[in-house]
Amino acid sequence: MVGIKGNRRTLYSKKVIIDAFLKLLQEKNLNKITVTDICKEADINRGTFYSHYNDPFDLMRNIEEELMEKMMSTINISGDESIKNILNDIFNLILENIELCKIIFNEKNGSHVLNTILKSAYVRTIEEQKKRFPNANETQLEYCFTYTTGGTIEIVRKWINDDMKLPAEEVIRILQTMYMI
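Thresholds applied
Residues numbered from 1 in each chain as written. Predicted model: local features only at pLDDT ≥ 70, side-chain atom pairs only at ≥ 80, totals over all residues. Heavy atoms only, no water. Helix = DSSP H or I, 4+ residues; strand = E, 2+ residues; numbered from the N terminus. Expected span 1.5 Å × (residues − 1). Phe/Tyr/Trp six-rings, centres within 6.5 Å; stacked < 30°, edge-to-face > 60°. Buried < 20%, exposed > 50% of the residue type's maximum accessible area, 1.4 Å probe, protein only. Contact = heavy atoms within 4.5 Å. Core = buried A, V, L, I, M, F, W, Y, C linked by side-chain atoms within 4.5 Å. Axes fitted to C-alpha atoms, helices over the stretch in contact; angles between N-to-C directions. Parallel < 35°, antiparallel > 145°, perpendicular 65-115°, else oblique. Left-handed = near helix turned anticlockwise from the far one by under 90°. Nonpolar A, V, L, I, M, F, W, Y, C, P; charged D, E, K, R; others polar.

**Student:** Would you mind showing me how to read helix α9 (residues 138–161) here?
**Tutor:** Note: α-helices contain 3.6 residues per turn, so residues at a spacing of three or four share the same orientation. Here α9 contains 24 residues, and its C-alpha end-to-end distance of 34 Å stays within 8% of the 34 Å for a straight helix at 1.5 Å per residue. Positive phi appears at D163, one or two residues downstream of α9, with a value of about 55 degrees.

**Student:** Explanation requested: the packing of aromatic side chains in the structure shown.
**Tutor:** Ring pairs (aromatic) are described by centroid distance and by the angle formed between their planes. Under the defined criterion, the tally for this structure stands at 3 aromatic pairs. Considering the side-chain rings of F49 and Y50, the 5.5 Å spacing of their centres and the 85 degrees angle between planes classify their relative orientation as edge-to-face. Judged by its relative accessible area of 39%, Y50 falls in the partly exposed class. Where F49 meets Y53, the ring centres are 5.7 Å apart and the plane angle is 50 degrees; that geometry is what we call tilted. Exposure remark for F49: the relative accessible area of 0% places this residue in the buried category. An aromatic cluster of at least three residues, connected via ring pairs, comprises F49, Y50 and Y53.

**Student:** For this particular structure, what's the right way to read the side chain of N97?
**Tutor:** Its place among the elements puts N97 in the loop between α5 (83–96) and α6 (98–104). Taking the relative accessible area as the measure of exposure, N97 reaches 16% and is therefore buried. Setting aside residues up to four positions removed in sequence, N97 forms contacts with L67 and K70.

**Student:** Please clarify how the environment of N161 should be interpreted in this entry.
**Tutor:** Relative to the elements of secondary structure, N161 occurs in helix α9. Judged by relative accessible area, N161 falls into the partly exposed class, the value being 42%. Sequence-wise, N161 and K102 are 59 residues apart; in three dimensions their C-alpha atoms are separated by 7.0 Å.

**Student:** Honestly, unusual backbone geometry in this entry has me stumped. Any pointers?
**Tutor:** Excluding glycine, a negative phi dihedral is what most residues carry, and trans is how most peptide bonds are arranged. A positive phi angle is found at D43, which is not glycine, with a value near 60 degrees. Inspection of the secondary structure assignment puts D43 in the loop between α2 (35–42) and α3 (46–50). The exposure class assigned to D43 is exposed, which follows from its relative accessible area of 71%. With a phi close to 55 degrees, D163 is a non-glycine residue in the positive phi region. By secondary structure assignment, the location of D163 is in the loop between α9 and α10 (168–180).

**Student:** Is there a simple way to think about the nonpolar core in this case?
**Tutor:** Here is a general trend for soluble globular proteins: nonpolar side chains tend to be buried in one another's company. With 46 residues, the main nonpolar core has F21, F49, F91 and I94 as its most contacted residues. Only α1 (8–27), α2, α4 (56–78), α5, α6, α9 and α10 provide two or more residues apiece to this core. Those residues in contact with F21, other than ones at most four positions away along the chain, are L30, I33, I38, P56, L59, M60 and I63.

**Student:** Help me understand the packing of α1 against α2 in this model?
**Tutor:** Helix packing geometry: the angle between the two helix axes and the distance between the axes. Orientation of α1 relative to α2, taken along the N-to-C sense of each, is 115 degrees, at an axis distance of 8 Å. For the element pair α1 / α2, the angle class is roughly perpendicular. Pair α1 / α2 crosses with right-handed handedness. Within the contact between the two elements, α1 uses V16, I17, A20, F21, K23 and L24 and α2 uses D37, I38, E41 and A42. In the contact of α1 with α2, the residues fall into 7 nonpolar, no polar and 3 charged.

**Student:** What's the story with the packing of α5 against α9 in this structure? I'm lost.
**Tutor:** Two numbers describe how α5 lies on α9: the axes approach to 12 Å, and their chain directions differ by 30 degrees. Of the possible angle classes, the one that applies to α5 and α9 is roughly parallel. Remark: the crossing between α5 and α9 carries right-handed chirality. Here L87, F91, I94 and L95 of α5 come into contact with α9, specifically with T152, V156, W159 and I160. Residue classes in the contact of α5 with α9 are distributed as 7 nonpolar, 1 polar and no charged.

The structure is reproduced here in structure tokens:
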């Protein structure tokens, strides 16, 4: 039936909307994309779009949330709390969703996905930092976390924008070296 979540027609409509939207994001900034642009590109009517999303920003939020859910479940499934394994999980998911990640992690689209994922590792990271810096107070550890998180985000962004010329394993080694400073 139409309107039931998981219905083939609903899934198809969402897929063509997302595909059209991602194509448009390759050409222009999010704030320049209209519902009309998406509908023309997807060859659907406005009612179909509005039955699933409120506006292009809502669509972007949905896409980001879905990617975050995939990343979070991947990280949580591993059961291993080491930074290396968290980074491996994140990089593998990026590689599996490379076209989407190129758009989402692009500076002009202002995505917060990677920042949210890394902040989810806050407790684990702080615990590792406490072991490495036993004399550091909570404020110092928080500054260290902010520094490493910001650096990680920019390195991942650079890696994606450089078309992943370095193997993921090499970038992970670079990040691990940064974390040991």
